[in-house]
Every structure is written in structure tokens, then in C-alpha cells.
Amino acid sequence: MDHISEKIIEVFEREIDRELAERMVTVSTISDNIKICQKQLDRLRKEAVVKFYTNPCQNSETEQPSIHPAVKKLIGKRPAVTDSTQQYLNSTASEWKRETRKRHQKKHSTTFLKHKSKNSDKPDEETSVTNENVVRPCYIPPTIPGNPQENSTLRGNTKKMHMRVLVGNLAQRLDTVGEDGATHKWMVYVRSAPGSLEIEQQVASVCFYLHPTYKPHNIVTAPYPPFTLNRRGWGEFPLRVELSFKNNLNKPADIIHNINLNGSISGHHTRSSETYLDLWLYPNGE
């Protein structure tokens with residue numbers, strides 16, 4: 001009887017372990033899908049906002065641009081255009097400045113001050129005081145403080161660590177122009193500066209947004225280090241680089257780097273200037 005009970009318990013334990021393993025795999029898959037959806041939604045939100053504000057206003061020239069739907073619930077509808085606003089929009093900047101200056105001079109040209117004489121019973125007298133006697137505030141040039149990161153610790157960043165990301169490119173001029181019109185070969189790279197967090201441990205992937213002439217392959221993702229991209233081309237353009245981090249507390253960061261082909265020599269790789277971005281990140285727990 002004891003032998004049968006042990007067999008039954010062993011079967012139950014084996015089935016429970018198998019069921020738990022399957023559930024853990026399912027939970028891990030769901031977690032990965034949620035992370036992918038979050039990244040896609042964040043990218044979709046960025047593209048929607050950029051597209052909304054880059055489209056020209058379809059209304060009249062004097063009408064104010066509409067408010068983005070994401071914030072319309074918080075601040076309400078846009079204010080109505082009154083007569084004074086319409087007049088201001090129709091007038092040129094020089095005329096508006098001239099009218100404002102005249103109004104200001106007329107208001108402050110003469111100031112009357114009333115005072116009583118202490119030694120006599122004379123009534124109050126009005127004395128005109130010109131602008132020369134009016135004390136006006138003097139201009140104090142602003143002071144340029146030093147780097148705040150060197151002298152103080154930013155509030156709220158006690159658990160974050162600093163990482164400087166560098167983006168640059170190498171260019172090589174081709175001996176002959178290719179069939180696609182390419183005159184150069186170039187490679188863009190993303191790395192971390194010495195002394196900061198290592199990019200291999202913090203960055204999960206890097207997405208490169210190329211010029212629209214590279215369609216349909218103008219968006220390329222590097223899922224693992226080294227984060228580099230090799231292409232051929234004939235012109236310079238601003239390249240947008242999006243960094244996605246392993247720690248979900250860190251939001252994606254964008255860097256704009258201008259692809260530079262000047263100074264490249266045929267048969268030799270020439271390094272251009274690098275673009276850097278300082279980030280404060282929650283370090284990866286791995």
C-alpha cells in the first residue's frame with residue numbers, strides 16, 4: 001500500500017512540475033510580447049505627433065493651429081479669435097512694435113507726483129517729473145555657472161548612473177561610381193564614452209532611420225552589439241538613431257547625427273566628428 005502511495009505522489013509531483021514549467025514559459029512569452037507592444041506603441045505615438053505637427057494648416061492663415069487631441073481634454077478647446085487678435089495677426093511685426101512703442105512713450109512721458117509742504121498750509125501741488133528723474137532698473141548681465149553635473153548631484157537621480165553615448169561615421173570614397181549612383185561607402189557606429197556605463201550592458205537594440213531614398217530599407221534595427229550599420233550612398237543627410245534600453249524604467253532616447261562624407265579619400269576610411277548625448281539611466285540589473 002505504501003508503495004502505491006509513493007507512486008501516486010511521484011506522478012502528481014511530476015505532473016505539477018511539468019504544468020508549472022509550461023505556465024512559466026507562457027508567462028515569459030506574454031511578458032516579451034508586452035515589451036514589444038510597448039515599443040511599437042511608443043514609436044507609433046512619436047510618428048503620429050510628428051506627422052500631426054508637420055502637416056500644413058488647412059484653415060485660413062489667420063486662424064490658430066488646432067490643439068493636439070492628446071492634450072485637448074486637459075486644457076479644453078482652443079480660444080476664439082477676437083477682434084483684437086485678428087487685428088494683431090493682420091498687422092505686420094514692425095507696425096505692431098511701432099504702435100506699442102508710441103503707447104508706452106505716451107504713458108510714461110510725464111508723471112505727476114503730489115506732495116504736501118511740511119512748513120506751510122499750501123494745497124497739494126502737481127510737479128511734473130520727466131523720464132530723466134525716474135529711477136529705472138539697470139541691466140545686469142547673466143552669470144554663466146559651471147557644469148552643474150560636476151559640483152552637485154541632480155535631485156531624483158540618486159539611483160541613476162551617467163552614460164555618454166557617441167555616434168559617428170566612417171566614410172570611404174569609391175574609385176568608380178556604382179550603378180546605383182553611389183560615390184561613397186560609409187559606416188555609422190554607436191558606442192559609449194570611456195568612463196561611463198558600457199553600452200553593451202545597458203542598450204537592448206539600436207534603430208537607424210535612414211533617408212527616405214533608402215526605402216523600403218530605410219529603417220534598420222541592430223538587435224545586438226556591435227551597433228553598426230554599413231551602407232553605400234552619394235549624399236549627406238541627418239540620421240536619427242533610437243536607443244532602446246534593457247531596463248524598462250528607461251525610456252527610449254533619440255540622437256540626430258549628420259552623415260559626413262567630406263574629406264574622405266579613395267581607398268581609405270576617414271572618421272568624421274562624433275555626436276554625443278549625456279543620459280542618466282537606471283542601470284541594468286543583470
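Structure: above.
Report follows, based on the coordinates. (Residues numbered from 1 in each chain as written. Predicted model: local features only at pLDDT ≥ 70, side-chain atom pairs only at ≥ 80, totals over all residues. Heavy atoms only, no water.)

Take the pattern of salt bridges next. One pass over the structure, following the stated rule, counts 13 salt bridges. Close ionic contact of Arg 164 with Asp 278 constitutes a salt bridge, the shortest N to O distance being 2.7 Å. Here Arg 164 is found in strand E3 (residues 161-173), whereas its partner Asp 278 is found in strand E11 (residues 275-281), with 114 residues between them in sequence. You can call Asp 278 partly exposed: its relative accessible area is 27%. (Salt bridge = Lys/Arg side-chain N within 4 Å of Asp/Glu carboxyl O. Helix = DSSP H or I, 4+ residues; strand = E, 2+ residues; numbered from the N terminus. Buried < 20%, exposed > 50% of the residue type's maximum accessible area, 1.4 Å probe, protein only.)

Below, the discussion takes up the pairing of strand E8 (residues 238-245). For E8, the buried fraction is high: 6 of the 8 residues fall into the buried class. In the sheet, strand E5 (residues 203-209) pairs with E8 via 6 bridges, with the strands oriented antiparallel. Note on E8: the bridge partner recorded for Val 206 is Leu 243. Sheet topology note: the E8/strand E9 (residues 253-258) ladder contains 6 bridges and is antiparallel. Looking at E9, one finds that Glu 242 is bridged to Asp 254. (Pairing = 2+ DSSP bridges.)

A separate point is the sheet that holds E9. Taken in spatial order, the 4 strands make up an open sheet running E6-E5-E8-E9, and their pairing is antiparallel. Of all the strands in the sheet, just strand E6 (219-222) and E9 have a single pairing partner and so form its edges. Along the sheet, successive strands turn relative to each other by an average axial angle of 20°, direction set aside. Here 4 bridges tie E5 to E6, and the two strands are oriented antiparallel to one another. Bridge assignment links Cys 207 to a residue of E6, and that residue is Thr 221. (Axes fitted to C-alpha atoms, helices over the stretch in contact; angles between N-to-C directions.)

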